[in-house]
Amino acid sequence: MKPEINHYQNIQTLSQAAADFVSKLAKECVEKRKIFTVALSGGNTPRTLYELLAQDPYVNSIPWAHTHLFWGDERYVPADHPDSNFAMASQTLVDHVPIPAQNVYRIPTEHASPEEAADYYEQTLRNLFEIFGSLTENGRLPVFDLMLLGMGKDGHTASLFPDSLVLVEQRRWVAATSVPRLNPPVRRITLTLPVINAARNVVFLVAGTEKQPILQIILENPQKARELYPVARVEPAGKLLWFLVKNI
Ligand code: 6PG
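Throughout what follows, the structure given in this document is the object of discussion. Computed from a prediction, not measured in an experiment: that's the story for all the values here. (Residues numbered from 1 in each chain as written. Predicted model: local features only at pLDDT ≥ 70, side-chain atom pairs only at ≥ 80, totals over all residues. Heavy atoms only, no water.)

Glancing now at the overall build of the protein. A count of helices and strands for the protein gives eight helices and nine strands. Expected size for 248 residues packed as a compact globule is a radius of gyration near 18 Å; at 17 Å, the protein falls within 12% of this value. Evaluated residue by residue, the protein yields a buried proportion of 58% over its 248 residues. Within the protein, counting contacts between residues at least 6 apart in sequence, those at least 24 apart form 75% of the total. Summed over all atoms, the accessible surface of the protein reaches about 11,300 Å², with 52% contributed by carbon and sulfur. (Helix = DSSP H or I, 4+ residues; strand = E, 2+ residues; numbered from the N terminus. Rg over C-alpha atoms; globule rule 2.2 N^0.38 Å. Buried < 20%, exposed > 50% of the residue type's maximum accessible area, 1.4 Å probe, protein only. Contact = heavy atoms within 4.5 Å. Areas by Shrake-Rupley, 256 points an atom, 1.4 Å probe, with all protein chains shown as cover.)

This is how it looks when you write it as C-alpha cells:
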C-alpha cells in the first residue's frame, strides 16, 4: 500500500494531527473488535503526542478501558531510568489516562539478560494476541492495530539499527540487540520487522533537520533506501503513514 505522507509546520501541529489519528483509530478498532492494541515508540519526538493524548478531549474520548499498550522497543535500563522508554511514556501519558494497569505491558528490564527479557516479552505477546484473536492468517505473527515509530538520524527505527543481525530475524517476535553506535550506548530489546510489518497501521513521527537527507532517499528511492536504512524495510501489510516536520 502506498505510504501517506503528511508535512507539518512544527512538532505541535504534527502531534495534534497524530492525536486525532490515534483517537479516531482507537474508536474504530474498539467498535469493530472491542480492542485497540498499540505499540508505543520511544525517543523524544512522540512526547508531545503522548502529552496531548493525556489531555482533553482525548483523555476522555479514547476508549482507554479497551486499549492495550505495548512498546516497540526498550533500552535495557531500569523502568525508572531517564533513558527508559517506559518511564518517558509513563510520565507523559500512562500515569495520566484512565487505562487499567493490567492493559499496560512494559518490556521488562529486570531480567538477568536482555535475551531473557526478550523471551519473556515474546511469550507475553504470544499469549495475549492468541487471546485477542489478533494474529495473521497463518497464526505466526501478532497483528497490532497501531505501531508508532520514530526514525533515528542513522535510519534506525525501534531498535533496528543498520547492519544489525536482528534486521534479518524472521522467526522471533522480540529480540535483544547489541549496543548500538548511537546514544544511549545500552543494549536494547525490540520488536522485529515481521511483527512491525504485520501491523494494521504503522505511523512514523519524524522531526529534525538532521533526518531530512535520509528521509529524502527513503521517499524518493525506496529500493536504495531499503539496502541502507532499517526504516525503509518497514512496509506493512496495512497502512503506512508519515507525520513529518522539516525542523523542530
Ligand atoms: C528509541 C526509539 C527510537 C527512536 C529514534 C528517534 O528507543 O530511541 O524507539 O527508534 O524512535 O531514535 O528518536 P527521536 O524521536 O528522539 O529523534
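Anyway, onward from the coordinates.
Attention shifts here to helix α5 (residues 114-132). An ideal rise of 1.5 Å per residue puts 27 Å on 19 residues; α5 measures up with 26 Å between its terminal C-alpha atoms. Burial in α5 covers these residues: P114, A117, A118, Y121, E122, T124, L125, L128 and F129. Across the axial projection of α5, the buried residues extend over an arc of 160°, all falling on one side. Away from its buried face, by an angle of more than 90 degrees, α5 presents the exposed residues E130 and I131. At its buried positions, α5 is contacted by β2 (36-40), β3 (67-71), β6 (174-176) and β7 (188-191). Once α5 ends, the next one or two residues include G133, with phi positive near 70°. (Expected span 1.5 Å × (residues − 1). Arc of directions from axis to C-beta.)

For any pair of aromatic rings, the description consists of the separation of the ring centres together with the inter-plane angle of the planes. In the structure shown here, the tally under the stated rule is nine aromatic pairs. Centre to centre, the rings of F70 and F129 are 5.5 Å apart; their planes meet at 45°, and the pair counts as tilted. One end of the pair, F70, is in strand β3; the other, F129, is in helix α5, and 59 residues separate them in sequence. Accessibility assignment for this pair places F70 and F129 in one class, buried. Between F70 and F144, the aromatic rings sit 5.4 Å apart at their centres with planes inclined by 90°, giving edge-to-face as the arrangement. Of this pair, F70 sits in strand β3 while F144 sits in the loop between α5 and β5 (146-149), placing them 74 residues apart in sequence. (Phe/Tyr/Trp six-rings, centres within 6.5 Å; stacked < 30°, edge-to-face > 60°.)

This part covers the pattern of salt bridges. A full pass over the atoms with the stated rule returns 11 salt bridges. R33 is paired through a salt bridge with D145; the nearest N and O atoms lie 2.8 Å apart. With R33 in helix α1 (residues 11-33) and D145 in the loop between α5 and β5, this residue pair connects regions lying 112 residues apart in the sequence. Residue D145 pairs with R200 through a salt bridge whose shortest N-O separation is 2.7 Å. You can see D145 sitting in the loop between α5 and β5 and its partner R200 sitting in the loop between α6 (193-197) and β8 (201-207), a full 55 residues away along the chain. Assessed through its relative accessible area of 1%, D145 is described here as buried. In this structure R200 comes out as partly exposed when scored by relative accessible area, which is 28%. One network of salt bridges, with partners in common, ties together D119, E122, R126 and R172. (Salt bridge = Lys/Arg side-chain N within 4 Å of Asp/Glu carboxyl O.)

In spatial order, the strands read β4-β7-β6; together these three strands make up an open sheet with antiparallel pairing. The sheet is open, and its two borders are formed by β4 (73-75) and β6, each paired with just one other strand. Across the sheet, the mean angle from the axis of one strand to that of its neighbour is 15°, orientation sign disregarded. For β6 and β7, the ladder comprises three bridges, and the chain directions are antiparallel. Note that in β7 the partner of A175 across the bridge is T190. Along the sheet face, α5 touches β6 and β7 and points at about 175° away from the line of β6. (Pairing = 2+ DSSP bridges. Axes fitted to C-alpha atoms, helices over the stretch in contact; angles between N-to-C directions.)

Let us now look at the environment of E116. By the element assignment, E116 lies in helix α5. Taking the C-alpha atoms as reference, E116 lies 31 Å from G238; in sequence the two are 122 residues apart.

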